[in-house]
Amino acid sequence: MKNCLVTDLDRCSGCDSCVAACKFENDIDLGMYYRRVPAVGPTGTFPNIEMYWLPFQCQQCANPGCIEVCPTGASYRDEATGVVLIDEEKCIGCETCLTGCPYQVRTLNPTTNIVEKCTLCFQRSGDENWVPACVRTCCTGAILFGDLDDPESTVSKAVAAAGAANCHQIADANGVLPSSIYILSEKTAKWQDDPEGLVRYGVTRQTTQV
Amino acid sequence: MVHTEVTRRSFIQASVLLGAATAVGASLSGCMKEEAAVATVDSSDGLVKIKTACHGCIQVCPAIAYLKDGVVVRLEGDLDAPVSRGSLCIKGLNQIHTMYSPRRVLHPLKRAGERGENKWEVISWDDAIEEAASHIVDAIEKYGPYSFFSSVGGGGAYSFIEAMTLPMAMGSPTVFEPGCAQCYLPRWSMSKLFYGGNDQSIADNAVQEIFRVGDDNKAEVVIVWGAQPSVSETAESGRGMAELRAAGVKTVVVDPNFSPDAAKADVWLPVRPGTDTGLILSWYRYIIENKLYNEQFTKYWTNMPFLIDPDTKLPVLASELFPAFKQTTPENTPAYICYDIKTNAVAPFEYSAPEDSAVDPEIFWTGDFNGKTYKTAGQIYKEQAEPWTLEYTAENCWLEADKIEAAIRLYTHADDDGTVAGIANGVASDMTESASQVPLGLMGLDSIMGYINTPGCTMTQYGPGNQPTKRPVTYHNGFGGMFSDMYGIGAVIGMSDAENEARINNAEAFPQQKLANQLLVDRLGMKDHKGLYAWCHSHIPTVREAIATGEPFKPRVWFDMSGNKLAMLGNAKSWYDVFPEVDYVIGQYPMLTSFHVEAADLVFPLREWLEEPMVNMCQLNTQWLQNETVHIGETVSHGIPCVQVTKKVAEKLGGTLPGLVPGLLGSATEAEVKASVAATLQAPSWEELIADTDKYVPLVTPEDVYFGYHQQETVVDDGLPAGFATESRKIEVYCQILLKLARTGYPFCYPTPQEACEDYSPICEYIEPAESPVGDTEYPFVLTSGRVPYFHHGTMRHAPFSRELFPTAEIRINPASAQELGVSHMDWVKVTSRRGEVHARAYLTEGVNPHTVWMERFWNPECFDASQTNPTAGWRECNVNVLTKNSAPFNEVYGSYTNRGFTVKIEKSTKPANIWVEPEEFAPFLPTEEMKAEAQTKDVF
């Protein structure tokens, strides 16, 4: 099972509704996020510019660095669904996993002293039709959820339809093998492996261009 | 039901003095409680699921609310909604916080300190109604009915009709809304004058055809002009545009700011703010020069071939040039003059189906007849556009010639075999002196291209009644002519003069015709800006002037029906300065804003959208229910306070009001509101509606009734094609009715005319913004504004999740300009115009021209949080409307002032006191346990 998000960046308009839906669903404190939607760009010089948004959350890596470094086994992969999760009972808030994750998508909740991140709304996994809150609310139909190992899943079909040239993954310097796939065609913007925008307009910044 | 002995409105007798606004949300014991509404329990998670619709913006997307123990804990879009398709944006999601915000006002409040001190006393509804009514009665008795005025607008309340009709009941002509002339009225009204049809607004539910779902969608190219649907109506037309783009529809976006829709466009034209008319004229020039227009459609369905009298500027009637002309068409059918290519002669041009026409009219012609030189309307337009070459336009409008050309070629299918396109416009032009000129020009483009009443085109008529059986007419006074038929005012376009006279000279049917007509004539600012009659609104700067000077009369008692007027009105300080001149100010809103703090003497508590039953916007052929999902405190639906106050005023005046009857249109009780909602959705009663919502919601109009095409060709009762509901039955690209409007007030001021003013231009003409950046060395940047997806109008600045993501005002500056200013990304800067100064954080982006800056409006409710040691009302710090220009020149037809496209200077500054920017700072805006524990309460009225 390779449950993850596939996001169509040709559609995403950076409205941040998925961020709010995530925060309401998961009861996330002010200042904490499981996902952010930074703008990559605009790149180029006015008026010859392009831009896309990069909704960003746990990439559901095949070789997760977080699990590898977690000293207590709190970070683990759910066998049935393949989702990378954190066992609240076992987490000691040591933040070691933050060093294992190259994508800064894990945060220590200072109130509970437990590390949190996107679980693909695992609390909904028992639902007849498991759909994460971000996917459910998305205002452009950009975010898809499903099992990339199943060729008949929505995500697999979307990836196939987009074609390999338009499918991208976050740079993987650490060999963690991220699962999430981003669809972006050059008609919208050129994909950037290591976008400067992520630093300047990045996930730690409070505002995103819209 | 929990029964109680207490009467509905008298249970709070004890006055409670409260020091700070943050405490007003707290309820008092004694509210009439009610058990939660009956609804289905979703078995999987134990949540109660209620079908409703979001009112986080004007678009009203269908939604599902999930409740736990009577508290709404989750909101989702309704997957059955045809356009939003289950999407729900951050504005809608915010309601979970704003519904239970500690900022909520749950009881009537009376000012308990000086204006500005933010001290309030909770009073009973009985006392509040008495207070309001007695101040209105006192003013009417002492100063006359014109001392009363109302206003609305700002987001989060919906009292459009009530605000418009309340002064009518009181016998006053004065009402305004910061939107109106600055938002949508110019585009809406102009479309009625232009062709009696739907306008091109991509918001406001106007453009629907392109969002038609399924294989039926024939859209090929959409021009988004001065609109950002992905931001303004994110889940609805934003979703619609995303679906269109995904389906391969090409788009052109005209916007000074690199909006999400611009980022996805095939061609982006970052026009210099306020110069859109020049760009529009360049499209005319290119299309005419390259013969890209639809010749057949332009000849026979527009008035472009009509000869125009150089003296009157009006099209010449056949009977004027040919006294012996005997028309072959039925009586009252108009006949004009053209230059006939078949006979090479000036000839009568009778109204007929194109294939039945006796003449082949020339569109572009100049020549003499009987010693006078005439031009066709087409020729006049061609000459108007003549200077606007691609190169000149590029230079003047800060664009690139090849991109303008690429956009026009996409729009006209110059390089492919497509057949349709359509322009969808937005609020940008309404906020400039060009407010009437831009829609006039843009509708004209779609008309000469023949992109009318055709699948895939924005200017296509829809809805019940779109398919004509009788000769179509346009009513102009009030929506669907409601005021025309109530009071006997206004001419009906499409009827002959004789028919209009017969209709209006009916003293028995219209006993108040004289008073109604007088209220039109006396309305402030009407002489010069007669287009405002379309929504019966006054000219805002003239109202302000009247308050300040007492000339020609002094408005003294103000009933405002929504929002933060200080964040919404242009040149906010000029309004703050006249507040002392207003004797009494009544407000109503779900929370206190800067306006209430600075001006209000009395505040009525309103329901949030989760509490208020309503049917508003449709999605295509479906109508949805905004449900009464919950209800706390003593809040009421938006229309109720003014109806209750009016009843009390009538009682005090001996049973009769000084104004029009029926005058105020609104519901007095929640039961009436609910009955009206049920009737709209064709349910037998409110109770049956909510007991079986799925049976009645959505209300679907059959597709074959709702959608229709080529309506102008349908032969109607007089044996001729329906044409369009204008004087000429053609699309009046040369908008001849505007000349009559300027000269007499026709068709609004009728039967008694209004004093003349300067002629309005019947075609699009270029207007250089009054504060032009060209040559302005003191204020070198041109500022324009727009929305961000986190807020709608002045709403949600107290929504913590929106605020942590977009904490405070930002100004987008090109990095090259910022470098010259010594400003870095996220530095605070001071932005100064000739009106005032505000602060914002600099957002450096290549997405704006180096000479353009872009800002969203803002106000800061945290400035009067209880935690502040030196509280302010939060409207001076970051509010773009401190900078905007509400002085002449105004748009000639609608009196619109300049919210966009004026000049500013920028300097580095520091964060103003009281402004919050860190996520944790917004914690005082989070719902409190106390608010969530508020009991469900019964209807107050």
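Residues numbered from 1 in each chain as written. Chains lettered and ligands numbered in written order. Predicted model: local features only at pLDDT ≥ 70, side-chain atom pairs only at ≥ 80, totals over all residues.

Undergrad: Sorry, what's going on with the overall build of chain A here?
TA: A count of helical and extended segments in chain A gives six helices and 10 strands. Taking 17 Å as the expected radius of gyration for a compact globule of 210 residues, we find that chain A reaches 17 Å, a close match to that expectation. By its C-alpha atoms, chain A is 50 × 40 × 30 Å across when sized along the principal axes. For chain A, with 210 residues in total, the buried portion stands at 49%. A separation threshold of at least 6 residues defines the contact pool for chain A, and within that pool the share at least 24 residues apart is 58%. (Helix = DSSP H or I, 4+ residues; strand = E, 2+ residues; numbered from the N terminus. Rg over C-alpha atoms; globule rule 2.2 N^0.38 Å. Buried ≥ 20, exposed ≤ 12 C-beta atoms within 10 Å, placed from the backbone. Contact = placed C-beta atoms within 7 Å.)

Undergrad: Sorry if this is basic, but what is going on with the overall build of chain B here?
TA: Of regular secondary structure, chain B possesses 31 helices and 30 strands. Its C-alpha radius of gyration of 28 Å places chain B within 12% of the 30 Å reference for a compact globule of 941 residues. Along the first, second and third principal axes, the C-alpha set of chain B runs to 85 × 70 × 60 Å. Classification of the 941 residues of chain B by burial places 62% in the buried group. Here the analysis covers contacts within chain B between residues at least 6 apart in sequence; of these, 71% occur between residues at least 24 apart.

Undergrad: Would you explain the sheet that holds strand 18 (residues 422-425) of chain B in this entry?
TA: In a beta sheet, neighbouring strands pair by backbone hydrogen bonds and run either parallel or antiparallel. All names here are of chain B. One open sheet holds the four strands; their spatial order is 12-11-10-18, and the pairing between them is parallel. Looking at which strands have only one partner, the edges of the open sheet turn out to be strand 12 (267-269) and strand 18. Direction aside, the axes of adjacent strands within the sheet are offset by 15° on average. With four bridges joining them, strand 10 (residues 221-225) and strand 18 adopt parallel strand pairing. Bridge assignment links Trp225 to a residue of strand 18, and that residue is Asn425. This element, helix 14 (residues 401-412), spans strand 10, strand 11 (250-254) and strand 12 of the sheet and lies at about 125° to strand 12. (Pairing = 2+ DSSP bridges. Axes fitted to C-alpha atoms, helices over the stretch in contact; angles between N-to-C directions.)

Undergrad: I keep staring at unusual backbone geometry and nothing clicks. Help me out?
TA: Excluding glycine, residues mostly have negative phi values, and the peptide bonds linking residues are mostly trans. Residue and element names in this part refer to chain B. Cis geometry marks the peptide bond from Tyr750 to Pro751; its omega dihedral reads 15°. Located in the positive-phi region is Lys291, a residue other than glycine, with phi close to 50°. Checked against the element boundaries, Lys291 lands in the loop between helix 9 (276-289) and helix 10 (295-301). Residues other than glycine seldom take positive phi values, yet Met796 does so here, at roughly 70°. Of note, Met796 is situated in the loop between strand 25 (781-785) and helix 29 (800-805). Residue Met796 is classed as buried on the basis of its C-beta count, with 26 C-beta atoms lying within 10 Å.

Undergrad: How should the sheet that holds strand 28 (residues 837-844) of chain B be read in this particular structure?
TA: Ordered in space as 25-29-26-28-27-30 (chain B), the six strands form a closed barrel in which the pairing is mixed. Across the sheet, the mean angle separating the axes of adjacent strands is 45° when strand polarity is ignored.

Undergrad: Even after reading the chapter, I still don't get the packing of helix 9 of chain B against helix 15 (residues 437-448) of chain B, so can you show me in this structure?
TA: When two helices pack together, their arrangement is given by the angle between the helix axes and the distance between those axes. Residues and elements named next belong to chain B. Interhelical geometry of helix 9 versus helix 15 gives an angle of 20° and a closest axis separation of 9 Å. As the angle between them shows, helix 9 and helix 15 are arranged roughly parallel. For helix 9 against helix 15, the interelement crossing comes out left-handed. In this structure, helix 9 contributes Asp276, Thr277, Ile280, Trp283 and Ile287 to the contact, and helix 15 contributes Gln437, Val438, Gly441, Leu442, Leu445 and Ile448. (Parallel < 35°, antiparallel > 145°, perpendicular 65-115°, else oblique. Left-handed = near helix turned anticlockwise from the far one by under 90°.)

Undergrad: Whenever I open this one, the interface of chain A and chain B confuses me. Can you help?
TA: By convention, interface size is frequently given as the accessible area that disappears when the constituent parts associate. The partner chain B presents 50 residues to the 33 residues of chain A that form the contact. No other element matches helix 1 (residues 17-26) of chain A, which puts six residues into the side of chain A that touches chain B. Along the lines of polarity and charge, the residues of the side of chain A that touches chain B split into 14 nonpolar, 13 polar and six charged. (Nonpolar A, V, L, I, M, F, W, Y, C, P; charged D, E, K, R; others polar.)

Undergrad: For this particular structure, what's the right way to read the confidence of the model for chain B?
TA: Interpretation of the predicted coordinates at a detailed level should be avoided for regions scoring low in pLDDT. Residues and elements named next belong to chain B. Averaged over every residue, the pLDDT of chain B is 94; residues scoring 70 or more account for 95%. Between residues 1-26, whose pLDDT stays under 50, and residues either more than four places distant or in other chains, the model counts 58 contacts. The complex prediction reports pTM at 0.96, with the ipTM value standing at 0.95. (pLDDT = per-residue confidence, 0-100.)

Undergrad: Whenever I open this one, the packing of helix 9 of chain B against helix 13 (residues 390-397) of chain B confuses me. Can you help?
TA: Residues and elements named next belong to chain B. The geometry of helix 9 relative to helix 13 is characterised by a closest axis approach of 10 Å and an angle of 170° between their N-to-C directions. Between helix 9 and helix 13, the angle is such that the two are roughly antiparallel. Two secondary-structure elements touch here, helix 9 through Gly278, Leu279, Ser282 and Tyr286 and helix 13 through Leu390, Thr393, Asn396 and Cys397.

Undergrad: Looking at this structure, how should I read the environment of Lys648 of chain B?
TA: Residue and element names in this part refer to chain B. As for its placement among the helices and strands, Lys648 is situated in helix 23 (residues 640-652). The class for Lys648 is partly exposed, based on 19 C-beta atoms found within 10 Å. Taking the C-alpha atoms as reference, Lys648 lies 42 Å from Thr234; in sequence the two are 414 residues apart. Aside from chain neighbours lying at most four places away, what touches Lys648 is Ile129, Glu130 and Ala133.

Undergrad: Would you explain the nonpolar core in this entry?
TA: Nonpolar side chains tend to gather and get buried jointly when the protein is soluble and globular. Residues and elements named next belong to chain B. Membership of the largest hydrophobic core comes to 350 residues, with the highest contact counts inside it found for Ile223, Val252, Leu269, Ile811 and Val853. For this core, the element with the highest residue contribution is helix 3 (residues 125-143), accounting for eight residues. In this structure, this core is formed jointly by two domains, domain 1 (178-485 + 496-536 + 706-770) and domain 2 (781-925), each of which donates at least three residues. Excluding residues within four positions of it along the chain, Ile223 makes contact with Val252, Tyr411, Ala421, Ile423 and Ala424. (Core = buried A, V, L, I, M, F, W, Y, C linked by C-beta atoms within 7 Å. Domains from an automatic or database assignment.)

Undergrad: In this structure, what is going on with the domain arrangement of chain B? I would like to understand it.
TA: All names here are of chain B. Its domain assignment divides chain B into domain 1 (178-485 + 496-536 + 706-770) and domain 2 (781-925). Of note, the centres of domain 1 and domain 2, computed from C-alpha atoms alone, are 35 Å apart. Between domain 1 and domain 2, the residue contacts involve 34 residues of the former and 26 residues of the latter. Only helix 5 (185-195) and helix 6 (229-232) provide two or more residues apiece to the side of domain 1 that touches domain 2. Class assignment for the residues of the side of domain 1 that touches domain 2 results in 17 nonpolar, 13 polar and four charged.

Undergrad: In this structure, what is going on with the confidence of the model for chain A? I would like to understand it.
TA: Per-residue confidence for chain A gives a mean pLDDT of 92, with 92% of residues at or over 70. Here residues 199-210 of chain A is modelled with pLDDT under 50, and outside its nearest four sequence neighbours on either side it reaches 33 contacts, counting other chains as well.

Undergrad: When you look at the pairing of strand 28 of chain B in this model, what are you seeing that I'm missing?
TA: When a strand is regular, its side chains alternate between the sheet's two faces. Residues and elements named next belong to chain B. Most of strand 28 sits out of view: seven of its eight residues are buried. As paired elements, strand 26 (residues 810-813) and strand 28 share four bridges and run parallel to each other. By the bridge assignment for strand 28, Ile813 is matched with Leu844. Sheet analysis places strand 27 (residues 828-832) next to strand 28, joined by five bridges and oriented antiparallel. The residue of strand 28 that forms the bridge with Val831 is Val838.

Undergrad: What should I look at first to understand the pairing of strand 20 (residues 584-589) of chain B in this one?
TA: Residue and element names in this part refer to chain B. For strand 20, the buried fraction is high: six of the six residues fall into the buried class. Residue alternation in strand 20 divides its side chains into two sets, Tyr584, Ile586 and Gln588 and Val585, Gly587 and Tyr589, and both sets are buried. For strand 20 and strand 21 (residues 602-605), the ladder comprises four bridges, and the chain directions are parallel. From the neighbouring strand, Gly587 faces strand 21, where its bridge partner is Val603.

Undergrad: Teacher, can you tell me more about helix 5 of chain B here?
TA: Since there are 3.6 residues in each turn of an α-helix, residues three or four apart along the chain are aligned in direction. All names here are of chain B. Summarising burial for helix 5: 11 of the 11 residues are buried, a large majority. Among all positions in helix 5, only Leu185, Pro186, Arg187, Trp188, Ser189, Met190, Ser191, Lys192, Leu193, Phe194 and Tyr195 are buried. In the core, the buried residues of helix 5 are packed alongside strand 18, helix 15 and helix 28 (737-744).

Undergrad: Looking at this structure, I do not really get the environment of Leu519 of chain B. What am I missing?
TA: All names here are of chain B. Mapped onto the elements of the fold, Leu519 is located in helix 18 (residues 513-522). Through-space distance from the C-alpha of Leu519 to that of Val427 is 29 Å; in sequence the pair is 92 residues apart. Dropping the residues within four chain positions of it, Leu519 is found in contact with Met168 and Pro173.

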